[in-house]
Amino acid sequence: MQLKNPILGLCQQATFSLSAAKVDQCPDDEGFEVAFAGRSNAGKSSALNTLTHASLARTSKTPGRTQLLNFFNLDEERRLVDLPGYGYAKVPIPLKQHWQRHLEAYLGSRESLKGLILMMDIRHPMTDFDLLMLDWSVASHMPMHILLTKADKLTYGAAKNTLLKVQAEIRKGWGDAVSIQLFSAPKRLGLEEAYTVLARWMELPDKDSAEA
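- The name given to the protein in an unreviewed UniProt entry is Probable GTP-binding protein EngB, with Pseudomonas coleopterorum as the source organism.
- Recorded in UniProt for the protein, the comment headed Sequence similarities (unreviewed entry) runs: "Belongs to the TRAFAC class TrmE-Era-EngA-EngB-Septin-like GTPase superfamily. EngB GTPase family."
- A UniProt comment under Cofactor (unreviewed entry) is attached to the protein, and it reads "Mg(2+)".

As for unusual backbone geometry
- The backbone phi angle of histidine 141 is positive, close to 55°, even though this residue is not glycine.
- Along the polypeptide, histidine 141 turns up in the loop between helix H4 (128-139) and strand S6 (144-149).
- By relative accessible area, histidine 141 is classed as exposed at 72%.
- Unusually for a residue other than glycine, lysine 150 sits at a positive phi of about 60°.
- Following the sequence through the fold, lysine 150 ends up in the loop between S6 and helix H5 (156-174).

A word on the nonpolar core
- Core analysis: the largest hydrophobic core is formed by 33 residues, its most contacted members being Leu83, Tyr106, Leu134, Ile146 and Ile170.
- The set of elements that each furnish at least two residues to this core consists of strand S2 (32-38), strand S3 (69-73), helix H3 (93-109), strand S5 (113-121), H4, S6, H5 and strand S7 (178-182).
- Leave out the neighbours within four places in its chain, and tyrosine 106 touches Val23, Cys26, Glu33, Ala35, Leu69, Phe71, Val81, Leu83 and Leu113.

A look at the pattern of salt bridges
- A full pass over the atoms with the stated rule returns 9 salt bridges.
- Residue arginine 79 pairs with glutamate 33 through a salt bridge whose shortest N-O separation is 2.6 Å. You can see arginine 79 sitting in strand S4 (residues 78-82) and its partner glutamate 33 sitting in strand S2, a full 46 residues away along the chain. One exposure class covers both arginine 79 and glutamate 33, and it is buried.
- For aspartate 75, the salt bridge goes to arginine 78, with nearest N and O atoms at 2.9 Å.

What counts as what
Residues numbered from 1 in each chain as written. Predicted model: local features only at pLDDT ≥ 70, side-chain atom pairs only at ≥ 80, totals over all residues. Heavy atoms only, no water. UniProt positions renumbered as here; feature names shortened; annotations may be inferred. Helix = DSSP H or I, 4+ residues; strand = E, 2+ residues; numbered from the N terminus. Buried < 20%, exposed > 50% of the residue type's maximum accessible area, 1.4 Å probe, protein only. Core = buried A, V, L, I, M, F, W, Y, C linked by side-chain atoms within 4.5 Å. Contact = heavy atoms within 4.5 Å. Salt bridge = Lys/Arg side-chain N within 4 Å of Asp/Glu carboxyl O.

Written as structure tokens, this is what we have:
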């Protein structure tokens, strides 16, 4: 089935813009920005590459390789941002502290940031850092959408049960502000749902909605 969502064309023409070690090195704070966050082994880069149909984000068998804020242009006013992976034990502590400091500065200061996509490995959801990100998102009134990645590693029934369990846990602790879905990069599962969220945050209405 052909996706009609206008974000699809933009994602297919995504191009690398720049990498920033600090907030003051980021692009001008204007337009629409959506950031991707997650543990270093949650499949963040694979998800980003699948959504953009390109090998934009670095994938590595060694988690923790994304050490900068990486910006990708969709058009002149819309960007995707690959945030540093967090929680990997072998990363030196000073580097972890650097990431955390500048990640907090980025999340707290960017006016153009319209939403946060949080990746959780479906086999290990709701880690301590995931909980912190949920707290921050709700407290800051920042829209958050969760991709339960690597859904292909479980049977469909087990994946659906995990989705319902995590969804219930989030509603109980953080209300209805956070949305969540199953996602698999290799199986291309959940793409349409993710594109719909991106299009809404970047103010690109679905053509079906526009025609209604």
